[in-house]
Amino acid sequence: KIDPTNGTVHLSLYEYYRYHGNQDKALSELILAFENSTVDIDTKMQIMLEFFTNSERNEKVKTQAYRLARILIDVHSNEAKSFSMYGDFLSRDGKLKEALQMFKKAATLNSGKFPIWSQIVFLESDLKEFDLLEKDTRAALEVFPTHPTFYFFNGIANIQLQNYDKAIKSLLAGKEMVFDNAQLQAEFYQYLGDAYHAKKEHVKSDESYDKSLEFNRYNPYVLNNYSYYLSQRKEKLALAETMAKEANNQVPDSPSFIDTYAWVLFLKGNFAEAEILLKKAISLSANPNGIILEHFGDVLFKLNKTEEAIISWEKAKETGEASQFIEEKILKKHYIEPTTE
């Protein structure tokens, strides 16, 4: 009664009512404490961390937490912590675009916090905002020039933007910043392999994939892509088969992985097994892509099932995802050998 604006007293009343099980009165006192700018933000952040944990599976507590988070950014609008905390709630609940806005605001208030920049690049990657990701990773590298995370995501962004030289430059620089982290080293070399492949620098691409597999020999993505790229060039087909088989052991029901394995077997002349695999790939796909359907047609043709092959080729053409040879195959009713890269 003497000092109704004393935020510390309201915090004490919050603890008192919470201890005695009066949650409504506890929340009322907590709101008054949060609305008071004299209560330091670090105390409020500790309380918000409790709400973060307790609200994950409790909608009532989650509603309360969001109310408090909004008060926090209103009262402490010049504190990066306020916006990053709100961003944590939004990100956890799948509201990625809104979360990104909060973390970007936090970065403008305090550009020197690694967790804030880390959240920004992870969110932009998840949202596939590659233009933003490329720009913001460069900004982050000005603050953290020796941290591999930002080189890594800059490389990914530039691959997606087809800036392969820039991607390679970032990935080469970033991998030198990695210590005692085999998984991250493997991923750096994985994306270097992708970038070199896009530039048709196959020796460097193969070397990068080999290096990636030295760090993580069971990475299904690398095993599958490396195998498929070798098959496109009709090189090292025994190795391609081994890798494709291992990729399918790791991820047994991926249509694209099954297609890679089937295509390697096709090139080795094992048409019967390739047909079985491609039937499985098609059955696992709600909408089979054109490459799988075209490959299935190729296999059927080699098995002297020409009419069935033409049907599959026509389906592949309808998807708009088939190779440049698809119309010629349909017109000539014959398999066309693809040119190697």
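Structure: above.
It should be emphasised that the depicted structure is a prediction, and the values quoted were computed from it without experimental measurement.

## Section: unusual backbone geometry
Reasoning step 1: Despite not being glycine, Asp180 shows a phi value in the positive range, around 55 degrees.
Reasoning step 2: Mapped onto the elements, Asp180 comes out in the loop between helix H10 (164-175) and helix H11 (182-198).
Reasoning step 3: Here the phi dihedral of Lys234 falls at roughly 55 degrees; this positive angle occurs in a residue that is not glycine.
Reasoning step 4: The exposure class assigned to Lys234 is partly exposed, which follows from its relative accessible area of 31%.

## Observations regarding helix H15 (residues 255-267)
Two residues of an α-helix separated by three or four positions point the same way, owing to the 3.6 residues in each turn.
Reasoning step 1: Over its 13 residues, H15 runs 18 Å from end to end, which matches the ideal 18 Å to within 8%, given 1.5 Å per residue.
Reasoning step 2: Taken residue by residue, H15 has Phe257, Ile258, Asp259, Thr260, Tyr261, Ala262, Trp263, Val264, Leu265 and Phe266 as its buried positions.
Reasoning step 3: Of the surrounding secondary structure, the elements contacted by the buried residues of H15 are helix H13 (220-233), helix H14 (237-250), helix H16 (271-283) and helix H17 (290-302).
Reasoning step 4: The first or second residue beyond H15 is Gly269, which carries a positive phi of 90 degrees.

## Regarding the packing of aromatic side chains
Reasoning step 1: Scanning the model with the defined rule gives 19 aromatic pairs in all.
Reasoning step 2: Measuring from ring centre to ring centre gives 5.5 Å for Phe114 and Phe150, while their planes differ by 65 degrees; the resulting arrangement is edge-to-face. With Phe114 in helix H7 (residues 114-126) and Phe150 in helix H9 (residues 148-160), the pair connects residues that are 36 residues apart, well separated along the chain.
Reasoning step 3: When its relative accessible area of 25% is taken as the criterion, Phe114 is described as partly exposed.

## A look at the environment of Asp93
Reasoning step 1: If you trace the backbone, Asp93 turns up in the loop between helix H5 (80-92) and helix H6 (96-109).
Reasoning step 2: Residues contacting Asp93, with those up to four places away along its chain left out, are Lys62 and Tyr66.
Reasoning step 3: Within the structure, Asp93 has its side chain in polar contact with the side chain of Arg92 (distance 3.2 Å).

## Quick word on the side chain of Ser205
Reasoning step 1: Following the sequence through the fold, Ser205 ends up in helix H12 (residues 202-215).
Reasoning step 2: Within polar-contact distance, the side chain of Ser205 engages the backbone oxygen of Gly193 at 2.9 Å.
Reasoning step 3: Discounting chain neighbours no more than four positions away, the residues touching Ser205 are Gly193, Tyr196 and His197.

## Examining helix H18 (residues 306-319)
Reasoning step 1: Across its 14 residues, H18 extends 20 Å between first and last C-alpha, which sits within 8% of the 20 Å expected from 1.5 Å per residue.
Reasoning step 2: Those residues of H18 that fall on the buried side of the exposure criterion are Ala309, Ile310, Ser312, Trp313 and Ala316. Taken down its axis, H18 places every buried residue within 165 degrees of arc, on the same side. Exposed residues lying more than 90 degrees from the buried face of H18 are Glu307 and Glu318.
Reasoning step 3: Where H18 is buried, its residues touch H17 and helix H19 (326-332).
Reasoning step 4: Just beyond H18, the residue with positive phi is Gly320, at close to 80 degrees.

## Focus on the packing of H9 against H10
Reasoning step 1: The interhelical angle for the contact between H9 and H10, taken along N-to-C directions, is 160 degrees, at an axis separation of 8 Å. Judged by the angle between their axes, H9 and H10 are roughly antiparallel. Crossing angle aside, the handedness with which H9 passes H10 is left-handed. Only Tyr164, Lys166, Ala167, Ser170, Leu171, Ala173 and Gly174 of H10 make contact with H9, whose side of the interface consists of Pro148, Tyr151, Phe152, Asn154, Gly155, Asn158 and Ile159.
Reasoning step 2: Of the residues that constitute the contact of H9 with H10, the class distribution is eight nonpolar, five polar and one charged.

## Comments concerning the pattern of salt bridges
Reasoning step 1: Taken as a whole, this structure holds 25 salt bridges when the rule is applied.
Reasoning step 2: Where Asp165 meets Lys199, a salt bridge forms, and the shortest distance between an N and an O atom there is 2.8 Å. Remark: Lys199 occurs in the loop between H11 and H12 and Asp165 occurs in helix H10; sequence separation between them is 34 residues.
Reasoning step 3: Between Lys199 and Glu201 there is a salt bridge whose closest N-O contact spans 3.5 Å.

## Digging into the nonpolar core
Reasoning step 1: Judged by nonpolar contacts, the single largest core of 62 residues is most densely connected at Leu30, Phe34, Met48 and Phe51.
Reasoning step 2: The contact partners of Phe51, leaving out residues within four places of it in the chain, are Tyr14, Leu30, Val61, Gln64, Ala65, Leu68 and Phe89.
Reasoning step 3: Judged by nonpolar contacts, the second largest core, of 37 residues, contains Leu223, Ala247, Tyr261 and Val264.

## Things to note about the packing of helix H2 (residues 23-34) against helix H4 (residues 59-75)
Reasoning step 1: Interaxial distance between H2 and H4 falls to 10 Å at its minimum, and their mutual angle equals 15 degrees. Taken together, the axis directions place H2 and H4 in an arrangement best described as roughly parallel. Handedness of the crossing formed by H2 with H4: right-handed. Side by side, H2 and H4 meet where Asp24, Leu27, Leu30, Ile31 and Phe34 of the first sit next to Lys60, Gln64, Arg67, Leu68, Ile71, Leu72 and Val75 of the second.

Definitions and cut-offs
Residues numbered from 1 in each chain as written. Predicted model: local features only at pLDDT ≥ 70, side-chain atom pairs only at ≥ 80, totals over all residues. Heavy atoms only, no water. Helix = DSSP H or I, 4+ residues; strand = E, 2+ residues; numbered from the N terminus. Buried < 20%, exposed > 50% of the residue type's maximum accessible area, 1.4 Å probe, protein only. Expected span 1.5 Å × (residues − 1). Contact = heavy atoms within 4.5 Å. Phe/Tyr/Trp six-rings, centres within 6.5 Å; stacked < 30°, edge-to-face > 60°. Polar contact = N/O pair within 3.5 Å; in protein donor to acceptor, adjacent residues only side chain to side chain. Arc of directions from axis to C-beta. Axes fitted to C-alpha atoms, helices over the stretch in contact; angles between N-to-C directions. Parallel < 35°, antiparallel > 145°, perpendicular 65-115°, else oblique. Left-handed = near helix turned anticlockwise from the far one by under 90°. Nonpolar A, V, L, I, M, F, W, Y, C, P; charged D, E, K, R; others polar. Salt bridge = Lys/Arg side-chain N within 4 Å of Asp/Glu carboxyl O. Core = buried A, V, L, I, M, F, W, Y, C linked by side-chain atoms within 4.5 Å.

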